[in-house]
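Okay, here's what each chain looks like letter by letter:
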Amino acid sequence: MTETRSLTSPAEIRAQGDGFTARGYAYRFNELSHDLGGFRERIAPGAGMASLERNDVIATFNHNVDQVLGRRSSGTLRVGEDDAGGWYEIDLPNTSTGRDLAELLKRGDVKGSSFTFRVGKGGQRRAGTDAETGLPVREITEMDVAELGPVLNPAYPTTDAALRSIGAVLGVELRAAKADDDEPSEELDESQETTDEPAGGPDEPEDHKNARALFRALITTGGNTDGRNDPERELHGAREGDERTPLAD
């Protein structure tokens, strides 16, 4: 199951030769999130390091694969973890997106960073209850990071499908809040602890579908760069003459 989290911490911009480099944090360790739909969350130190070293992580602006900023395999994106959290450093491209982002960062218009990830079996646990809010705390101990980068407005999307799976781990029932929705939620199946990616349903926002497709494109082929791991191809279909079948949502 693919998830997205954001951090309200703008990337720094600095001149590097004839171009610009952006550096920021995609996530920080041991910081409690706000209410994510009936629970709070924190990331344990080292949770994403193995995947950052293994995966061909890409950097995008606003999770848009049409606005790629850098890629680990090309050397234009560097990623890692330090005592504070998971960081990234991007050599911004000399493209309209790269130039625009550099200007927006200098002006202070870009307010945060975000990342796409997946938690595997055994990579999460309930870490007690938050004393301030009384909400259960989900601690992520191991995650697979596929994509990250600056976002204009940090957001914390959590779908109903994700909440049901997380609720099974926490031992509570969770569901996303919806306006004018007074109907009781379905009974939680406590046996449901799966990391399989569920269908998003007819009302799933388009960016959630793109995030799921992006993760499959980056992860399912093991980070190979032979064309089968092309996120743009996976999202928009095979190019003319390409006999491989694109992944379905």
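Going by the structure above, here's the rest.
Treat the numbers as computed from the prediction; the structure is a model and nothing was measured.

K.L.:
Give me the lowdown on the environment of Phe-39, citing residues and values where you can.
P.N.:
The residue Phe-39 is located in the loop between strand S3 (19-28) and strand S4 (40-43) in this model. For Phe-39, a relative accessible area of 0% corresponds to the buried category. Residues Phe-39 and Val-172, 133 residues apart in the sequence, show an inter-C-alpha distance of 9.0 Å.

K.L.:
Go over the pairing of strand S12 (residues 143-151), please, and point to the residues and values.
P.N.:
The element S12 is largely enclosed, with a buried count of nine among its nine residues. Alignment of strand S9 (residues 112-119) against S12, held across eight bridges, turns out to be antiparallel. Across the sheet, the residue bridging to Ser-114 is Gly-149, located in S12.

K.L.:
Let's hear about the sheet that holds S3: which residues, and what values?
P.N.:
The sheet built from four strands is open, its strands ordered S2-S3-S8-S7 with antiparallel pairing. What marks the edges here is a single partner per strand, and that holds for strand S2 (12-16) and strand S7 (77-81). Taken pair by pair, the neighbouring strands of this sheet meet at an average axis angle of 20°, ignoring direction. Across five bridges, S7 lies against strand S8 (residues 85-91) in antiparallel orientation. Its bridge partner lying in S8, Glu-81 is registered against Gly-86.

Conventions used here
Residues numbered from 1 in each chain as written. Predicted model: local features only at pLDDT ≥ 70, side-chain atom pairs only at ≥ 80, totals over all residues. Heavy atoms only, no water. Helix = DSSP H or I, 4+ residues; strand = E, 2+ residues; numbered from the N terminus. Buried < 20%, exposed > 50% of the residue type's maximum accessible area, 1.4 Å probe, protein only. Pairing = 2+ DSSP bridges. Axes fitted to C-alpha atoms, helices over the stretch in contact; angles between N-to-C directions.

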